[in-house]
Each structure stands twice: as C-alpha cells, then as structure tokens.
Amino acid sequence: FFAGVSTVRSFIFAKPNIGMLNRSKNEMKMDWTDGYYVGDTIEDVKMAIKFGVTPVLVRTGKGAKTEKEYLKGMNNKYEGVKVFDNLLSFVDSLD
C-alpha cells in the first residue's frame, strides 16, 4: 500500500496517518498483532507508533539521517525503535 497522489481524499492514507495500515488490515485481512513496520523516515516511525506496531528503522535510504536527527541524543523521544543497517539485517534478527 502507498499514499499515491496528494489530494484531500488521499490525505488519510499519507504517513504518519494510519489509513494505509487500516486499509491493509481491512482489505487484506492482515493481522498486525505483534507486527512490525519497517521504514527509513520519521513519518514511518510515527505511523507505526500511532498504529500500535513495533517501529523499525533501516539506515538505508533516508534512515541514517533520520536516526541522527531524531533517535540520538537528549532529544530522543522515540525510545524503543529498533534500528538496523538494512532490511536484510532486520529479517536476520527475526530468527
């Protein structure tokens, strides 16, 4: 699922709103219980927290910059976010 073109109607699906995850839950009957949401931006982290799943940040893409700006130091209000070098290292951690 993705947010697509920016319109008022699509706004509910844009991150950090949870419309995209609700849609996947309803249309695909996805069970997000104990689920993870993997992304590389602070909007991904916020959406995961808002939806009640575990946020995972990967350092690829925008992730290293996101980690530095939002998840390090005194201003870190996103404790508990799992951070991995890439998607493969996250998947490997699930074993």
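In this text, all values refer to a predicted model and were calculated from it rather than measured experimentally.

Rules used throughout
- Residues numbered from 1 in each chain as written.
- Predicted model: local features only at pLDDT ≥ 70, side-chain atom pairs only at ≥ 80, totals over all residues.
- Heavy atoms only, no water.
- Pairing = 2+ DSSP bridges.
- Helix = DSSP H or I, 4+ residues; strand = E, 2+ residues; numbered from the N terminus.
- Axes fitted to C-alpha atoms, helices over the stretch in contact; angles between N-to-C directions.
- Contact = heavy atoms within 4.5 Å.

## Looking at the sheet that holds strand S1 (residues 36-39)
- Strands sit in the order S1-S2-S3 across an open sheet of 3 strands; the sheet is parallel. Of all the strands in the sheet, just S1 and strand S3 (82-84) have a single pairing partner and so form its edges. Pairwise comparison of adjacent strand axes, ignoring direction, gives a mean angle of 25 degrees for this sheet.
- Two elements, strand S2 (residues 54-58) and S3, share 3 bridges in a ladder whose sense is parallel. The residue bridging Leu57 from the neighbouring strand is Val83, located in S3.
- Sitting on the sheet, helix H2 (residues 42-51) is in contact with S1 and S2, with an inclination near 165 degrees to S2.

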